[in-house]
Amino acid sequence: MHQPIVTLSSDFGQADAYVAAMKAAILRYAPHVRLIDVSHQIQQQNVLQGSIILERALDAFAPGTIHLIVVDPGVGTGRKILIVQIRGQIVVCPDNGLITWSWRKWKGGKARGLIWRPRVSSRTFHGRDILAPAAGMLANQTAPEKLAPRIIKPILLDIAPAGKSARSGQIVHIDHFGNAITNLARRNLSRAGISIRVGGQTIGKLKKTYSDVQPGEPLALIGSADLLEIALRDGSAAKKLRLSVGDRVFLD
Amino acid sequence: MHQPIVTLSSDFGQADAYVAAMKAAILRYAPHVRLIDVSHQIQQQNVLQGSIILERALDAFAPGTIHLIVVDPGVGTGRKILIVQIRGQIVVCPDNGLITWSWRKWKGGKARGLIWRPRVSSRTFHGRDILAPAAGMLANQTAPEKLAPRIIKPILLDIAPAGKSARSGQIVHIDHFGNAITNLARRNLSRAGISIRVGGQTIGKLKKTYSDVQPGEPLALIGSADLLEIALRDGSAAKKLRLSVGDRVFLD
Amino acid sequence: MHQPIVTLSSDFGQADAYVAAMKAAILRYAPHVRLIDVSHQIQQQNVLQGSIILERALDAFAPGTIHLIVVDPGVGTGRKILIVQIRGQIVVCPDNGLITWSWRKWKGGKARGLIWRPRVSSRTFHGRDILAPAAGMLANQTAPEKLAPRIIKPILLDIAPAGKSARSGQIVHIDHFGNAITNLARRNLSRAGISIRVGGQTIGKLKKTYSDVQPGEPLALIGSADLLEIALRDGSAAKKLRLSVGDRVFLD
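Residues numbered from 1 in each chain as written. Chains lettered and ligands numbered in written order. Predicted model: local features only at pLDDT ≥ 70, side-chain atom pairs only at ≥ 80, totals over all residues. Heavy atoms only, no water.

(A) Region of interest: the overall build of chain A. Per the secondary structure count, chain A includes 6 helices and 14 strands. Reported as C-alpha extents along the three principal axes, the dimensions of chain A are approximately 60 × 40 × 35 Å. When burial is assessed residue by residue, chain A has 62% of its 252 residues classed as buried. Sequence separation of at least 24 residues holds for 66% of the intrachain contacts in chain A that already meet a minimum separation of 6. (Helix = DSSP H or I, 4+ residues; strand = E, 2+ residues; numbered from the N terminus. Buried < 20%, exposed > 50% of the residue type's maximum accessible area, 1.4 Å probe, protein only. Contact = heavy atoms within 4.5 Å.)

(B) Examining the interface of chain B and chain C more closely. Listed by partner, the interface residues are 28 residues for chain B and 28 residues for chain C. Buried area between chain B and chain C, summed over both chains or domains, comes out near 2,400 Å², and the portion from carbon and sulfur atoms is 50%. Our count for the chain B to chain C interface comes out at 0 salt bridges. Summed over the shared surface of chain B and chain C, the number is 13 residue pairs in polar contact (both at pLDDT 80 or more). Residue contributions to the side of chain B that touches chain C peak at 7 residues, all from helix H1 (residues 18-29) of chain B. Taken together, the residues of the side of chain B that touches chain C sort by class into 14 nonpolar, 8 polar and 6 charged. (Buried area = accessible area lost by both parts, 1.4 Å probe. Salt bridge = Lys/Arg side-chain N within 4 Å of Asp/Glu carboxyl O. Polar contact = N/O pair within 3.5 Å; in protein donor to acceptor, adjacent residues only side chain to side chain. Nonpolar A, V, L, I, M, F, W, Y, C, P; charged D, E, K, R; others polar.)

(C) Structural context of the sheet that holds strand S5 (residues 89-94) of chain A. All names here are of chain A. Overall, mixed pairing links the 6 strands, which are arranged S2-S1-S3-S5-S4-S6 in an open sheet. Sheet topology places strand S2 (34-39) and strand S6 (110-113) at the edges, where each strand pairs with a single neighbour. Averaged over all pairs of adjacent strands, the angle between their axes in this sheet comes to 20 degrees, without regard to strand direction. Sheet analysis places strand S1 (residues 5-10) next to S2, joined by 5 bridges and oriented parallel. (Pairing = 2+ DSSP bridges. Axes fitted to C-alpha atoms, helices over the stretch in contact; angles between N-to-C directions.)

(D) The relation of the copies chain C and chain A, seen in detail. When chain C is brought onto chain A, the operation consists of a screw motion whose angular component is 120 degrees and whose axial shift is 0.0 Å, with 0.0 Å RMSD remaining. The transformation relating the two chain copies, once decomposed into turn and shift, fits a three-fold axis. (Least-squares fit on C-alpha atoms with pLDDT ≥ 70 in both.)

(E) Quick peek at the packing of helix H1 (residues 18-29) of chain C against helix H4 (residues 126-139) of chain C. Residue and element names in this part refer to chain C. The contact between H1 and H4 brings their axes to 8 Å, and the two run at 40 degrees. Regarding the angle of H1 to H4, the classification is oblique. In this structure, H1 crosses over H4, and the sense of that crossing is right-handed. Of H4, the residues touching H1 (which contributes Ala21, Met22, Ala25, Ile26 and Tyr29) are Gly127, Arg128, Ala132, Pro133, Gly136 and Met137. Grouping the constituent residues of the contact of H1 with H4 by class yields 8 nonpolar, 2 polar and 1 charged. (Parallel < 35°, antiparallel > 145°, perpendicular 65-115°, else oblique. Left-handed = near helix turned anticlockwise from the far one by under 90°.)

(F) View of the environment of C:Leu138. Residues and elements named next belong to chain C. In this fold, Leu138 is placed in helix H4. Given the relative accessible area of 7%, Leu138 is considered buried. Between the C-alpha atom of Leu138 and that of Val92, which follows or precedes it by 46 residues, the distance is 9.4 Å.

(G) Fine view of the relation of the copies chain B and chain C. Of the transformation placing chain B onto chain C, the axial shift is 0.0 Å and the rotation is 120 degrees, giving an RMSD of 0.0 Å. Taken together, the interface assignments show that only 4% of the residues at the interface of chain B recur at the interface of chain C, consistent with different surfaces on the two copies.

(H) Examining the packing of aromatic side chains more closely. Tallied over the full model, the rule gives 15 aromatic pairs over all chains. By the ring-pair criterion, three or more aromatic residues cluster together here, those being A:Phe12, A:Tyr18, A:Phe125 and B:Phe177. (Phe/Tyr/Trp six-rings, centres within 6.5 Å; stacked < 30°, edge-to-face > 60°.)

(I) The arrangement of the sheet that holds strand S11 (residues 206-207) of chain B in detail. Residue and element names in this part refer to chain B. Spatial strand order, S10-S9-S14-S7-S8-S13-S12-S11: 8 strands in an open sheet with mixed pairing. At either end of the open sheet lies a strand with only one pairing partner, and these are strand S10 (201-204) and S11. In this structure, strand S8 (residues 180-185) lies alongside strand S13 (residues 227-232), joined through 3 bridges in antiparallel fashion. Pairing of Ala180 across the sheet is with Ile230, part of S13.

(J) Up close: the interface of chain C and chain A. Contacts between the two partners involve 28 residues from chain C and, on the opposite side, 29 residues from chain A. For the pairing of chain C and chain A, the buried interface totals around 2,400 Å² over both sides, and the portion due to carbon and sulfur atoms is 50%. Considering every element that reaches the side of chain C that touches chain A, the biggest residue donor is H1(C), with 7 residues. Residue classes in the side of chain C that touches chain A are distributed as 14 nonpolar, 8 polar and 6 charged.

(K) Focus on the environment of B:Ile52. Residue and element names in this part refer to chain B. Checked against the element boundaries, Ile52 lands in helix H2 (residues 47-60). According to the relative accessible area criterion, Ile52 is buried, its value standing at 8%. Along the primary structure Ile52 and Thr100 are separated by 48 residues, whereas in three dimensions their C-alpha atoms are 8.4 Å apart. If we skip the residues at most four places from it in the chain, Ile52 touches Trp101, Val172 and His173.

(L) Spatial organisation of empty space enclosed by the protein. Tallying each qualifying case throughout the model produces 5 cavities of 30 Å³ or more. Lining the largest cavity are 19 residues, with B:Ala17, B:Tyr18, C:Arg56, C:Ser224 and C:Ala225 sitting closest to its centre. Those elements that provide at least two residues to the lining of the largest cavity are H1 of chain B together with helix H2 (47-60) and strand S13 (227-232) of chain C. Considering every element that reaches the lining of the largest cavity, the biggest residue donor is H2(C), with 6 residues. Looking at the lining of the largest cavity residue by residue, the class counts come to 10 nonpolar, 2 polar and 7 charged. (1 Å grid on protein atoms, 1.4 Å probe; cavity = no way out; pocket = protein on both sides within 12 Å on 5 of 7 lines; lining within 4 Å. Points joined across faces, edges and corners; volume = space filled by probe spheres on them.)

The structure is reproduced here in structure tokens:
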């Protein structure tokens, strides 16, 4: 039997029962789904970071997958909830910019405004009370247009993969290993002899893998997200080079 | 096919293989169950916190769910192990007060003392060696009375949801966002004009949701657990107001 | 239907989408497996710690289980990838010593060098691009010899369970509770009257369980891994006694 996949991401952490409560809600509507956690350690209310996590999830999973992501500082206000069809997959998320990185990468999708509401709902935990049930219904074959008839324009953050001819970009994410991931892609590095510079430090030419430099040395490479990363062999580039999200990265 | 759900909670953290060892033990007895982690970040030996996590799990899941929770400072002593039938669900836990919050909320249940023991067991990891196998057997349709024939009175902590006419309560849990959850419920707030006070600070009247105050401002609201919470819009109430578990909360 | 189990361990942490990306890769090759996380909090590049986590996973699970473990400082170099048949189970891991603790405990296995490669792969994330797909194929009944025809000698770390007549050993792991786990086993403690000493402090004779000493007191016992552990009742032995991995432990 086909077992649909629902992934979950949030800024809820894993100490409380909040994630389990969302899973219980999904299972009430779709008892047969497979649940996969992507990350619940998105920084609190960090919509940009959530947006990048979501793009990674959409990139990894197969068509038919449903992605639930809740970073929701606007819960209880009039902010909309989106059902987005993109890349053969479906995203359920607050309309606050979480879709940005995927939307820009895959040149848009079909975004709809969720109007379906359950009979009872809290004012503070729509993840459990509205978004998870909606994800469960979608996993159980309810058509997106039943829950969300109107196509709308999603809110987008003012950040994007760098344009084709960009000569600089910025750090968009620091991962668990201290790798600094940028919004620059391979196409930005096609000119011969480009040298990468960040925070006043010259990193040098693009390398292929960590072992192309000595232990403790920084390097620039195209990472597993197909983006330019600043890394450090056997260590944390972010710590050693004092890098932060938002830092400019130059292609000299 | 019906797939029974077994949830797992503990103070084991997620760095060691302890949780996986419990899952392996459950699966030996019940290969078809669905396993859901609730929290493994309960503070070490914090039975009160475990008790609240367990109540949240019982509240979230459907009848038939089995909940295994292990916060067990008394492992290796003569402390009993409970099988509790409550709210149409089953809990397996040490008899050390973990059942308190659920027992008080749902006005009791049927608590039994587990006498079944596997042939071999460690003296230090009953979670893996006794409780998880018992949960597996229950998930595989063994009747509670087979494993635990005698009904007993569970040990209860000296804490409870506040009584109907209580004019004060206390903070029982601080969540990942710094929300301070109390043992006061909506019924305690039915008098007109009640103002909430904690730690010498007046929070004011009950609000509906975070956006009813300005960013950085504290508020009191009925949270997703149906309890009075002290929160802060876009921040941590616990940090800003220096709140801790046990602090008194007054309804003026 | 039989549902094969694939466990996952890594030093990836749980904040990024790396673990989910490995799961997605496994599911493309084996849509019906059960996925169980063992630990993703192995210290970065700590192969010894990974080796001990892997032994715990092999000890816990039933024959037929497949274990994927990725602690891979040599990714992108010429380091080999292993498929190891051991204890009726299969391990997929980099050939960098991760198999050591299991190999020594169960007196070897059958280690093969993976030659199968997918069409496309990153240079920096073989966990997602090579090891997870290989684990998926094995879970979907591909024979190890198809992916890895040649039997090879795995790389082993210079650490092992202490020999039968050893009079001293060392701390190999500190767990979440601050228990210090050693490479000494029950057989090393069969002489009458042995007293345990570590870091200049006499712990005394072997105890059975935590409650054999007073709260706050240290003790030595055979833990749930069947190894000598230095513990502290209701506290952290590692913190109180200032113990670290590598410290010598003496049997006087």
